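Each chain, written out:
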Amino acid sequence: MMISRRNFAMLTAILFVVLFLFQATGIAKNQLNDAQTNEYALGNRTNLKAADAFSIEGQTKRLVLFLGDEETSRVMMTIRQWCTYSKRGLAVVGTAADCESYLDQAEIILIDSRVLDPGRDVAVLQGYVDRGIHLVFCNLPDVSVIGENLELEALLGIKAVYSQQVELTGVQLFEGFLLGGAQTYQALKPEEGKRQDMDLTIPWYLTLDGNTTYMVGLMDDLKCQGGEIPNEYAPGILWCYSGKGHGKVFAVNGDFMEDATGIGILSAVMSELHDYELYPVVNAQNLSVANYPSFANENSEAIEASYSRELPSLFRDVIWQSISSVAERNRCKTTALLAPQYDYTDGNEPSADTFTYYARLFREKGMEIGLSFEQVSSVPLAEKVKRDLSFLHENLEGYEYRAVYTHEFDAKSRNALRSQSGLSSITTVLTDYDREEPLLSYEEGLLVQQGTDDAFVHTYSDDFRMRAIESALGYTSVILDMERVAYPQTEEDSWEKLYEEFSANLLTYWKPYSIFEKTTLSESDVRVRRFLSMDFTESREGDGITVEISHFEQGAYFILRTHGEEITEVVDGTFQKLEEDAWLIGANAEKIMIKLENEHSLEYYY
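Residues numbered from 1 in each chain as written. Predicted model: local features only at pLDDT ≥ 70, side-chain atom pairs only at ≥ 80, totals over all residues. Heavy atoms only, no water.

Trainee: A description of the sheet that holds strand β12 (residues 276–281) should follow, citing residues and the corresponding values.
Mentor: Spatially, the four strands line up as an open sheet ordered β12-β25-β28-β27, and their pairing is antiparallel. The two strands at the open ends of the sheet, each matched to only one other strand, are β12 and β27 (573–579). Strand-to-strand twist in this sheet, taken as the mean axis angle between neighbours without regard to direction, amounts to 25°. Where strand β25 (residues 556–562) and strand β28 (residues 582–587) come together, six bridges link them in antiparallel fashion. Among the inter-strand pairings, Tyr557 is bridged to a residue of β28, identified as Gly586. The strands touched by helix α7 (residues 261–273) within the sheet are β12 and β25, with β12 carrying the most contacts at an inclination of about 150°. (Pairing = 2+ DSSP bridges. Helix = DSSP H or I, 4+ residues; strand = E, 2+ residues; numbered from the N terminus. Axes fitted to C-alpha atoms, helices over the stretch in contact; angles between N-to-C directions. Contact = heavy atoms within 4.5 Å.)

Here's what the structure looks like:
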């Protein structure tokens, strides 16, 4: 068959185009696989540091009074965090009478009942409520104290002590208090029992008619569960009493204010008190895969026995597909906090080829790389870090590592960061959740971001705390610690079981918060620094809320909670509806205007 000159030229042109396309695809692939560049470090930079952070000291606007002992109160950490994050001032007083000199400026009085002297303080506090001052009892006095003091009962909105102790079958959180909707914490199936870690033994108070109840205990005897007791008799856990005075009294029957859950409770309380409540948030949702992957063939006997393969093969051929699939389905941005090896004494060294493979894979999937300080051996941390950096820099020269993971930011971690010049690019330290430490803070010139959730475990208390933190900060930080898989301790550490927990948790419990932005740790670092540094004032005239932001750098985020009003426009900003009466606001300038509409709203106050 003869091919004409014209057809031959056309065929040649087609082949040239096809070849060019293949080459272009290869070039694009190589550019995409520019694994030596941390793209998140390039676009996320700020000079903000600890000295720029907002301080509650000396602040008088939006003043919060705390009636408690600053040194011994277990709720003090929560209150300081909430005031810092919501940009409020804080004054600590020892008696109710000491509040008097601050009342012209005070927005609310928070009470630690452990320092309450009923004979001295109750009448004074009732007088404040009569004058329109709002109270929050962060915990309740002992049930015997309440039962013996009618004035205290009246202040708290308690009709009677029905029982000094009752065993609950679960807890019901009602809709509209925290973001995320209603939630029932009750183990109705045997397999759900491992999630029930709430305190189900509480005093049973009958609260006065007309109280607003946000959370109650569940019992088999309640009508809603097929029993005889009217539902309104359910044991109260969180409620608000509006008596004859103009102020409101909130009561917390439990220890929820002793950790980060309390930050969300206080934010929700303020939203209940005002026609609208505007407060700053981080707007960052992090997923960090810690101690993954190992580039060394370790713990071979245990891994072979469980999976019939070696550790690198398990991580590459089985686990990688699982993690990346769940992350993509949940649209997560992921930070991989590398563990080049776990055991530095077994003679098994990390593989350069395996590392190169993952580095390119991470780049293709848009993942950021960080470091981990954890190990299963006991070599000095400085030696471990030195060996890690030597391996990483040799095989991925020029990558800017911005984040490091450690279970706790202790003296060893601090010394390692100070002594290793190769860690000078680190800006964020990710730690496990510690109720005794702030969620977001500066230490040693670095930003410490606590992980808020263990990806493998999501108990009822974890869920309640997660909802509270999301409501207050628009922030979550899920940690998937893969050391459990590499060095399992029990049968519960098998990947099959852990994957089932991880995938179900991530794809279920964070759905109500999908509007908040997914971030890597570098992106979150910049957002948290801006959040900690900013301050704001707001005022309302008619249907417009004017917000002026100080220490503004490129962007800021707020949550606006209303009672029936809808946002129609944000001038110099953006808005997205989180749920009914709750909005995420993005500020693009130092001054924004939020416009609302509600034909039934005739008066506004703050």
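Still to come is the rest of the account.
Trainee: Help me get a handle on the nonpolar core, residues and values and all.
Mentor: Ranked by size, the top nonpolar core spans 70 residues in total, and within it Tyr292, Phe315, Ile319, Tyr401, Leu417, Met482 and Trp495 carry the most contacts. For this core, the element with the most residues is helix α9 (residues 311–329), which contributes eight residues. Non-local contacts of Phe315, meaning those with residues more than four positions away in its chain, are made with Tyr292, Pro293, Ser294, Trp320, Tyr342, Tyr358, Met482, Val485 and Ala486. Core analysis: the second largest hydrophobic core is formed by 65 residues, Val75, Trp82, Phe177 and Ala268 among them. (Core = buried A, V, L, I, M, F, W, Y, C linked by side-chain atoms within 4.5 Å. Buried < 20%, exposed > 50% of the residue type's maximum accessible area, 1.4 Å probe, protein only.)

Trainee: Describe the confidence of the model for the protein chain, and please don't skip the residues or the numbers.
Mentor: Interpreting fine coordinate detail is not advised for predicted regions of low pLDDT. Averaged over all residues, the pLDDT of the protein chain is 91; the fraction at 70 or higher stands at 93%. Confidence over residues 601–606 falls short of pLDDT 50; this stretch has 17 contacts with residues more than four positions distant or in other chains. (pLDDT = per-residue confidence, 0-100.)

Trainee: Talk me through unusual backbone geometry; I want residue IDs and the actual numbers.
Mentor: Cis geometry marks the peptide bond from Tyr292 to Pro293; its omega dihedral reads -15°. The backbone of Glu444 shows a phi angle near 55°, a positive value even though the residue is not glycine. With respect to the helices and strands, the residue Glu444 is situated in the loop between β18 (440–443) and β19 (446–450). With a relative accessible area of 47%, Glu444 lands in the partly exposed category. Positive phi, close to 70°, is recorded for Gln554, a residue that is not glycine.

Trainee: Can you explain the side chain of Asp343? Please cite residues and give values.
Mentor: Mapped onto the secondary structure, Asp343 falls in the loop between β14 (334–338) and α10 (352–364). Arg387 is the oppositely charged side chain nearest to the buried, salt-bridge-free Asp343, at an N-O distance of 8.0 Å. Dropping the residues within four chain positions of it, Asp343 is found in contact with Glu298, Val376, Ser377 and Tyr487. (Lys, Arg positive; Asp, Glu negative; His and termini not counted. Salt bridge = Lys/Arg side-chain N within 4 Å of Asp/Glu carboxyl O.)

Trainee: Give me the packing of α9 against helix α15 (residues 495–508): which residues, what numbers.
Mentor: Where α9 contacts α15, the two axes come as close as 10 Å, and the packing angle between them is 10°. In terms of their interaxial angle, α9 and α15 are classed as roughly parallel. In contact with Val318, Ile319, Ser322, Ile323, Val326 and Arg329 of α9, α15 contributes Trp495, Tyr499, Phe502, Ser503, Leu506 and Leu507. A breakdown of the residues in the contact of α9 with α15 according to their chemical character gives nine nonpolar, two polar and one charged. (Parallel < 35°, antiparallel > 145°, perpendicular 65-115°, else oblique. Nonpolar A, V, L, I, M, F, W, Y, C, P; charged D, E, K, R; others polar.)

Trainee: Please provide a residue-by-residue account of the packing of α10 against helix α11 (residues 381–395), values included.
Mentor: Contact geometry of α10 with α11 gives a least axis separation of 10 Å together with a crossing angle of 65°. Classified by the angle between their axes, α10 and α11 sit roughly perpendicular to one another. Read as a crossing pair, α10 and α11 show a hand that is right-handed. Between α10, through Ala352, Phe355 and Thr356, and α11, the contact on the second element is made entirely by Phe391, Leu392 and Asn395. Across the contact of α10 with α11, the residue classes tally to four nonpolar, two polar and no charged. (Left-handed = near helix turned anticlockwise from the far one by under 90°.)

Trainee: Outline the environment of Glu400, listing residues and values.
Mentor: Locating Glu400 in the fold gives a position in the loop between α11 and β16 (403–405). Judged by its relative accessible area of 22%, Glu400 is partly exposed. Linking Glu400 and Lys61, residues 339 residues apart in sequence, is a C-alpha distance of 41 Å. Of note is the side chain of Glu400, whose polar atom sits 2.7 Å from the side chain of Arg45. (Polar contact = N/O pair within 3.5 Å; in protein donor to acceptor, adjacent residues only side chain to side chain.)

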